[in-house]
Amino acid sequence: MGYAISLWAPPALPIAGSSESFPVRRIFCVGRNYAEHQKEMGGDGREQPFFFLKSAHSLVPGGGIVHYPAKTSNYHYETEMVVAIAKGGHRIDARKANDHVFGYAVGLDMTRRDLQQWGKDHGRPWDFGKNFDEAAPCGALATANRIGHPAKGALWLRVNGKQRQRADLAEMIWSVPEQIAYLSEFYTLEPGDLIYSGTPAGVGPVKPGDELHAGIDAVGELKATIAPAL
Ligand code: MN
């Protein structure tokens, strides 16, 4: 039986050094996974991380042009390491979690901070603040076969050449294997799932014309230019 409307291609990420791409199923994101970012968001640095989701269709594979989104006047970047799951599972042991990982990339968890704050203030969902068109720029995947499983190394972001974020992956409150173990208690993880592993301190607003350049040692880099709203 055919489909009533034309089928779309699955969202997919480029893979560094490969002509193949990585099809994306779901995007999980961890909130407040670096103590200094918890503090800048109003926490005491000791809260437990938590998760939210973005649609795979909010990906901007490889970065490039990212349009300023609708209905916000406080549009923020959050630089994060992205983890790509190749092998699914339920109740995955943290000690074996790395076996489920295909690779890693540099991602931006773009956020309509004013809409997110409205949701927090009113006890409403975060979706409009976090899950919108072009909300998830993500660079090429570096395969674990090539780079291993980075647990330390610098993560940084420059906006128009000025450093805005800089931290070390070792400062994560929950490590990537711990995130995979935790998530897989609540969801059956599937091949193609991504995890945005949280941002360090230094988040802030961007506007049309701004140039974002992010990187993580051993993983790669990501560039995005903010274009006027559509
Ligand atoms: Mn984030």
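My aim in this report is to walk through the structure given alongside it, one point at a time. (Residues numbered from 1 in each chain as written. Predicted model: local features only at pLDDT ≥ 70, side-chain atom pairs only at ≥ 80, totals over all residues. Heavy atoms only, no water.)

Most often, soluble globular proteins have nonpolar side chains that are buried together. Membership of the largest hydrophobic core comes to 39 residues, with the highest contact counts inside it found for Tyr75, Tyr77, Met81, Ile180, Val206 and Leu212. Going through the elements one at a time, β7 (75-77), β8 (79-85), β9 (101-108), β13 (154-159), α5 (176-186), β17 (211-216) and β18 (220-227) are the ones with two or more residues in this core. Here the element with the most residues in this core is β9; it accounts for four residues. Residue contacts for Ile180: discarding those within four places in its chain leaves Ile85, Ile92, Ala97, Val101, Leu189 and Ile195. (Core = buried A, V, L, I, M, F, W, Y, C linked by side-chain atoms within 4.5 Å. Buried < 20%, exposed > 50% of the residue type's maximum accessible area, 1.4 Å probe, protein only. Helix = DSSP H or I, 4+ residues; strand = E, 2+ residues; numbered from the N terminus. Contact = heavy atoms within 4.5 Å.)

A cluster of nonpolar side chains, Tyr3, Ile5, Leu7 and Trp8, forms an exposed patch at the surface whose accessible area comes to about 550 Å². Positionally, Ile5 belongs in the segment before β1 (12-14). (Patch = residues over 30% accessible without salt bridge, like charges linked within 9 Å, V, L, I, M, F, W, Y side chains within 5 Å. Areas by Shrake-Rupley, 256 points an atom, 1.4 Å probe, with all protein chains shown as cover. Salt bridge = Lys/Arg side-chain N within 4 Å of Asp/Glu carboxyl O.)

Attention now goes to the pattern of salt bridges. Should their charged atoms come close, side chains of opposite charge can pair. Under the counting rule described, the total for this entry stands at 10 salt bridges. The partner of Glu78 in a salt bridge is Lys130, and the shortest N-O contact between them spans 3.2 Å. With Glu78 in the loop between β7 and β8 and Lys130 in helix α3 (residues 127-130), this pair connects stretches of sequence that are 52 residues apart. Each of the two residues, Glu78 as well as Lys130, counts as buried.

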